[in-house]
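Per-entry structural report
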Amino acid sequence: MATLEGFRVRNFGVLKDVTLGRLWDRRKEEALTPMTAIIGKNGVGKSALFDAFGFLSDALNFNNIEEACDARGRGGFDKMRTQGTADPIEFDVYYREHGNARPITYQIAITVDEFGRPQVLRERLRQRRKHQTRGQPFSFLILNNGSGVAWKGEQVGLQIVEDTEDFDLFKELKKERESGETEDIELDDPRKLGIATLGALKQHPRIAAFRRFIEGWYLSYFTPDAARSLPLAGPQEHLNIHGDNLGNVVQFMEREHPLRFKAILKKIADKIPGIDQIDTEKTSDGRLLLRFNDKGFQVPFYAQQMSDGTLKLFAYLLMLEDPTPPPFICIEEPENGLYHKLLEILATEFREHATGLKDGSQVFITTHQPYFVDALDPKEVWILEKGENGFSNIRRASEDTLVNNLVEEGLPLGGLWYSDYLDPR
């Protein structure tokens, strides 16, 4: 499966310059683990980091950058950009399409035009050539204000001088263009991502693969009240970001994967206290009811009567059993509304899903709960802090030798966090 090995965000709220994992110019760093958790105090930027992933996904899936800037309460580009800077918001994504693939780096910078409208300043995709072990990776897509060049096919063919301040693309391309087929690109709207347009074309398979990777990200904005809604009956394959089609997904699993669904329900019922069976009921007007059979009661309870924690845990566990799961799952504070003894169970389920040999997803979590962190390894946990300048800094828990030694001795990581062992010394 495609894997995110590193991520960098600059000038995004309190995230002035934050890097997690490995990048094309930091290849000696350890890559992100299949399961990653971000911890820290209130106000250090955990929600901003979650939204950085969300914004990048929205920028691709919405019609243009401006819509993404205004969505989900972001308040527009000026509210998003770090205070006191006129520099663009920038993202670096370092990923592999599969375990043996050469990593690909995607870089994007977003600014505003003379009228204050958000636009894409530049985009770049780069990858090492086959058998290349040294030197800079080669760019196979480079755009500046919607204009540039893309390399067709699977092989990398453009070498761009890395330190050009003004991205004088065509001048450099004339010098460095190698044999092979390239395509001059001129987008009609600088507010749209080049990967959105080119990723739909068969002649750009690597761009298409990266587009599918980002499009496949699942960022959970789940709310129990949404899950209590009564959608129209009709099977749906995947849980949506708000969870208001929970019953539709149950309907799909009942119809398309009956044996697997039966096993899923048994597994879920074992983890949700008191639940014996879960199914759906179609109303006379074509709407769908999600029904829970509680042990000891003959009459079932419906989603509208269930607790927030039960609905949330059921939704997460059902999502992890998706036959074709998303490549990347991002959830903010999954512990909200859950009994504390269920948190280690949930963390273990997330990790088993993320580290499975196949049909898994990379899982990214932000959390405040030591009980959740108890189930994790120091390499899986990143600590986000506020620096003296008011901007966020991040470090891996495994960078602290004492913490590693204490965990090896059997002390739980969440307990060490609660006891301030993860605070800077």
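A brief structural summary. (Residues numbered from 1 in each chain as written. Predicted model: local features only at pLDDT ≥ 70, side-chain atom pairs only at ≥ 80, totals over all residues. Heavy atoms only, no water.)

**Examining the sheet that holds strand β12 (residues 288-294)**
This is how the line gets drawn: For two strands to count as paired, DSSP must find a minimum of two bridges between them. Where helices and strands are cited, they refer to DSSP runs of H or I of at least four residues and of E of at least two residues respectively, numbered from the N terminus.
Strands sit in the order β11-β12-β13 across an open sheet of three strands; the sheet is antiparallel. In this open sheet, the two strands that pair with only one neighbour each are β11 (275-282) and β13 (301-302). Strand direction decides the pairing type here: β12 and β13, joined by two bridges, are antiparallel. Considered in β13, the bridge of arginine 291 is made with tyrosine 302.

**As for the layout of surface pockets**
Just so we agree on the cut-off: A pocket here means an open set of points on a 1 Å grid, computed over the protein atoms alone, that has protein on both sides within 12 Å along at least five of seven lines. A cavity is instead a set of points where a 1.4 Å probe fits but cannot get out; residues with an atom within 4 Å of a point line either one. Grid points are joined across faces, edges and corners, and a volume is the space filled by probe spheres set on the points. All amino acids are sorted into three groups, where Ala, Val, Leu, Ile, Met, Phe, Trp, Tyr, Cys and Pro are nonpolar, Asp, Glu, Lys and Arg are charged, and the leftover types, Gly among them, are polar.
Computed from the structure, the second largest pocket encloses a volume of approximately 300 Å³. Residue lining of the second largest pocket: 21 residues in total, with Gly45, Lys46, Ser47, Ala48 and Asp51 positioned closest to the centre. Of all the secondary structure elements, the ones that give two or more residues to the lining of the second largest pocket are α1 (46-61) and α3 (77-80). Ranked by the residues each element gives to the lining of the second largest pocket, the list is headed by α1, at five residues. Here the lining of the second largest pocket is composed, by residue class, of seven nonpolar, seven polar and seven charged.

**Remarks on the packing of helix α10 (residues 308-320) against helix α11 (residues 343-354)**
This is how it is decided: In this description, a line fitted to the C-alpha atoms serves as the axis of each element, helices being fitted only across the stretch in contact, and the angle between N-to-C directions of two axes falls anywhere from 0 to 180 degrees. Note that the term roughly parallel is reserved for angles under 35 degrees, roughly antiparallel for angles over 145, roughly perpendicular for angles of 65 to 115, and oblique for everything else. By convention the crossing between two helices is left-handed if the near helix lies anticlockwise of the far one by an angle smaller than a right angle, and right-handed if it lies clockwise. Contact criterion: two residues are considered in contact whenever any of their non-hydrogen atoms come within 4.5 Å of each other.
One way to put it is that α10 packs onto α11 with a least axis distance of 10 Å and a crossing angle of 15 degrees. Between α10 and α11, the angle falls in the class roughly parallel. Classified by chirality, the crossing of α11 by α10 is left-handed. Between α10 and α11, the residues in contact are Leu313, Tyr316, Leu317, Met319 and Leu320 and Leu346, Glu349, Phe350 and His353, respectively. In terms of residue class, the contact of α10 with α11 is built from seven nonpolar, one polar and one charged.

**Quick word on the pattern of salt bridges**
What counts is decided by this rule: Any carboxyl oxygen of Asp or Glu that lies within 4 Å of a side-chain nitrogen of Lys or Arg is treated as forming a salt bridge with it. Per-residue accessibility, obtained with a 1.4 Å probe over protein chains only, is compared with the maximum for each type, and a residue is labelled buried under 20%, exposed over 50%, and partly exposed between these values.
Inspection of the entire model under this criterion finds 22 salt bridges. Measuring nitrogen to oxygen at the nearest pair gives 2.9 Å for the salt bridge that ties aspartate 51 to arginine 74. Pair noted here: aspartate 51 is in helix α1 and arginine 74 is in the loop between α2 (65-70) and α3, with a separation of 23 residues, a long-range link. For the pair formed by aspartate 51 and arginine 74, the shared burial category is buried. Arginine 287 is the partner of aspartate 285 in a salt bridge, and the nearest nitrogen-oxygen pair spans 3.7 Å. Among the charged side chains, a network of salt bridges with common partners joins Arg10, Glu90, Asp92 and Arg122.

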